[in-house]
Amino acid sequence: MSIMTSSNIVELTGQKIDLNATWIGWATWWEASLDMGSGITTIYIQPVKAITKDRTERGPIFRLSFPSVVDTGEKLLETIANGRNAPKGRPASILSAGEFVLRLQNSRYQHLVGSLADLEGEHPTDAKGDPDRYWGEHIKIVACTGIGAIIPDVHAEVRLNFCMPFTLYSPERKERAIANLDGLYYCYVNEVYHEIDLKVGTVVPEGFAAITRYGRPTGNNVSIDVGDRTTEIIFARGFKLVSRDSEGRTYGVRQVIENIIAEINTSYGRVLEVDEVRVLLKAYAAGVRLPRLKVAKGTPDGYLDGEAQHEIITRKVITMARALAKFVRAALNKGGAEIGSNLDTATIYGGGGYIFYTPLRDGISGDSELENGVLHDLYLPPEAEYVNAAYMQELVAQQTVIRPGMWERKR
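What this report covers is the structure whose coordinates are included nearby.

Each value, and the rule that gives it
- Residues numbered from 1 in each chain as written.
- Predicted model: local features only at pLDDT ≥ 70, side-chain atom pairs only at ≥ 80, totals over all residues.
- Heavy atoms only, no water.
- Buried < 20%, exposed > 50% of the residue type's maximum accessible area, 1.4 Å probe, protein only.
- Helix = DSSP H or I, 4+ residues; strand = E, 2+ residues; numbered from the N terminus.
- Pairing = 2+ DSSP bridges.
- Core = buried A, V, L, I, M, F, W, Y, C linked by side-chain atoms within 4.5 Å.
- Axes fitted to C-alpha atoms, helices over the stretch in contact; angles between N-to-C directions.
- Parallel < 35°, antiparallel > 145°, perpendicular 65-115°, else oblique.
- Left-handed = near helix turned anticlockwise from the far one by under 90°.
- Contact = heavy atoms within 4.5 Å.
- Nonpolar A, V, L, I, M, F, W, Y, C, P; charged D, E, K, R; others polar.
- Polar contact = N/O pair within 3.5 Å; in protein donor to acceptor, adjacent residues only side chain to side chain.
- Salt bridge = Lys/Arg side-chain N within 4 Å of Asp/Glu carboxyl O.
- Phe/Tyr/Trp six-rings, centres within 6.5 Å; stacked < 30°, edge-to-face > 60°.
- Lys NZ or Arg CZ within 6 Å of the ring centre and 35° of its normal.
- Disulfide = S-S within 2.5 Å.

1. Section: the pairing of strand 13 (residues 231–237)
Working step 1: Among the 7 residues that make up strand 13, 6 are buried, leaving the element largely enclosed by the rest of the structure.
Working step 2: Of the pairings in the sheet, the one linking strand 12 (residues 220–226) to strand 13 comprises 7 bridges and is antiparallel in character. Bridging from a neighbouring strand, Ile224 pairs with Ile233 of strand 13.
Working step 3: The hairpin formed by strand 12 and strand 13 contains 4 residues between the paired strands.

2. Points about the nonpolar core
Working step 1: Leu281, Phe356 and Leu375 are the most contacted members of the largest nonpolar core, which totals 47 residues.
Working step 2: The set of elements that each furnish at least two residues to this core consists of strand 12, strand 13, helix 7 (253–268), helix 8 (274–286), helix 9 (306–332), strand 18 (345–349) and helix 10 (353–361).
Working step 3: Residue contributions to this core peak at 13 residues, all from helix 9.
Working step 4: Counting residues in hydrophobic clusters, the runner-up holds 44 residues, among them Leu102, Tyr134, Leu181 and Val200.

3. Topic: the side chain of His138
Working step 1: When you line up the elements, His138 lands in helix 4 (residues 137–150).
Working step 2: Given a relative accessible area of 9%, His138 falls into the buried group.

4. Things to note about the packing of helix 7 against helix 9
Two measures define how a pair of helices packs: the angle their axes make with one another and the distance between the axes.
Working step 1: Packing of helix 7 against helix 9 leaves a shortest axis separation of 9 Å and a crossing angle of 140°. Judged by the inter-axis angle, helix 7 sits oblique to helix 9. Crossing geometry of helix 7 relative to helix 9 is assigned as right-handed. On the side of helix 7, the interface is formed by Gln255, Val256, Asn259, Ile260, Glu263, Ile264 and Tyr268, while helix 9 contributes Ile312, Ile313, Arg315, Lys316, Val317 and Met320.
Working step 2: Tallied by class, residues from the contact of helix 7 with helix 9 come to 8 nonpolar, 2 polar and 3 charged.

5. Regarding the side chain of Arg159
Working step 1: Among the secondary structure elements, Arg159 is positioned in strand 9 (residues 155–164).
Working step 2: A distance of 3.5 Å separates a polar atom in the side chain of Arg159 from a polar atom in the side chain of Thr400.

6. Looking at the pattern of salt bridges
Working step 1: In this structure the tally under the stated criterion is 28 salt bridges.
Working step 2: For Glu11, the salt bridge is made with Arg63, and the minimal N-O distance between the two is 2.7 Å. In this pair, Glu11 is assigned in strand 1 (residues 9–11) and Arg63 in strand 5 (residues 61–67), connecting sequence segments 52 residues apart.
Working step 3: Given a relative accessible area of 31%, Glu11 falls into the partly exposed group.
Working step 4: A residue is classified by how much of its surface remains accessible, and Arg63, at 6% relative accessible area, is buried.
Working step 5: Notably, a salt bridge pairs Arg58 with Glu31, separated by 2.7 Å at the nearest N-O pair. Pair noted here: Arg58 is in strand 4 (residues 56–58) and Glu31 is in strand 2 (residues 29–36), with a separation of 27 residues, a long-range link.

7. A look at the packing of aromatic side chains
Working step 1: Applying the stated criterion to the full structure yields 8 aromatic pairs.
Working step 2: Taken together, the aromatic side chains of Trp23, Trp26 and Phe62 make up a single cluster linked through ring pairs.
Working step 3: For Arg103, the ring lying beneath its charged end belongs to Tyr188, and the centroid distance is 4.2 Å.
Working step 4: The ring of Trp29 has Arg159 sitting right over it, with the charged end atom 3.8 Å from the ring centre.

8. Some remarks on the packing of helix 7 against helix 8
Working step 1: Running from amino to carboxyl end, helix 7 crosses helix 8 at an angle of 105°, the nearest separation of the two axes being 10 Å. The angle between helix 7 and helix 8 places the two elements in the roughly perpendicular class. Contacts between helix 7 and helix 8 involve Val253, Arg254, Val256, Ile257, Ile260 and Ile261 on the former and, on the latter, Val274, Val277, Arg278 and Leu281.
Working step 2: Considered class by class, the residues forming the contact of helix 7 with helix 8 number 8 nonpolar, no polar and 2 charged.

9. Quick notes on the environment of Asn265
Working step 1: Tracing the backbone through its elements, the reader meets Asn265 in helix 7.
Working step 2: For Asn265, a relative accessible area of 34% translates into the label partly exposed.
Working step 3: Distance from Asn265 to Val295, taken between C-alpha atoms, is 8.9 Å for residues 30 residues apart in sequence.
Working step 4: Not counting chain neighbours up to four residues away, the residues in contact with Asn265 comprise Arg270, Val271 and Lys297.

10. Description of the environment of Leu375
Working step 1: Relative to the helices and strands, Leu375 is located in the loop between helix 10 and strand 19 (378–379).
Working step 2: Separated by 50 residues in sequence, Leu375 and Ala325 have C-alpha atoms that sit 9.3 Å apart.

11. A closer look at the state of the cysteines
Working step 1: Applying the stated criterion across every chain, the model contains 0 disulfides.
Working step 2: No disulfide involves Cys163; its nearest neighbouring cysteine sulfur is the one of Cys144, lying 17 Å away.
Working step 3: With no disulfide of its own, Cys187 has Cys144 as its nearest cysteine by sulfur position, at a separation of 4.7 Å.

Distances and angles like these do not, on their own, reveal function.
Structure (structure tokens):
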């Protein structure tokens, strides 16, 4: 049974995080999940207090998202603090909400993580296209940053599940990824010291969460995970994923964002940041009127109105939707039958789910590629971008009940 509802989730994204007053010293352990997408990382984490051997109390589930970007170097925080005129001896005090600096104990290197890496880093990387991001240093930096940014305790036991793309997933890579991340970490996040005893339960292939939540235990199910940079189509018979019929492509929301940035820059002389365009896309998908945007050229009054922005976004979304439609048709074409006719369920999720749901389900009249849509029974779940993380978070609690001894590690 699901233990997660939107009412017990506390959103920390974009907030100054300080749980000291209420949660420091309260938890016996913390349960967490990590969805380290190619563009955005999301971590769910919940404090758990053991009352007796068979009874626990749970705090709220905290959620934090930030760009999966890292920049590494020496004296990075000192340089930023000098530039921002930080108080002497308090360099981290000048960091804003959502800005993180990680330093592992006894290391001279510092890591800017998330938006700070994009803003201040000289060589920021999301490790896109590098499989080692799931079983190398990148995931360690991201995980320790997210955990350390939230947990107020100096020492904390963290029980965690994470996921990797289905097209990368294999039993060997799963074990390699677990062995890489599982361990003891002594680190500073924004100059606050933490000892993290990180215990990894399992690695879940992306797509499995949507299949098991919204698919049928018998029959044919498909999930379409539209991420920041990649899209994966996962096919399953019942709840068994079928590798032969599953496929991934480099289609995602980031291409739409970059195309919007390029056109507004070329036509109107305004260079938007990626995060600014994400806000516009969220408003666009929700049907909210877009605010006027100050620009350098191309308009009579120096502002780009909401209707013009909407038209630009629509064109870029349709272009990507056409590519996705071709991908979906090619992946699901079974002997010339009507696309989707052999499916019992089809679910679209991920950060791009909101944007591409309507074109793929309902279609666009008069468009050669999107006329009449592609999958008429396509389902968009609530909080589609968090499906993977929410599933893995619930799984930790289930593992603790079913196999409590699995978290007892001998290192």
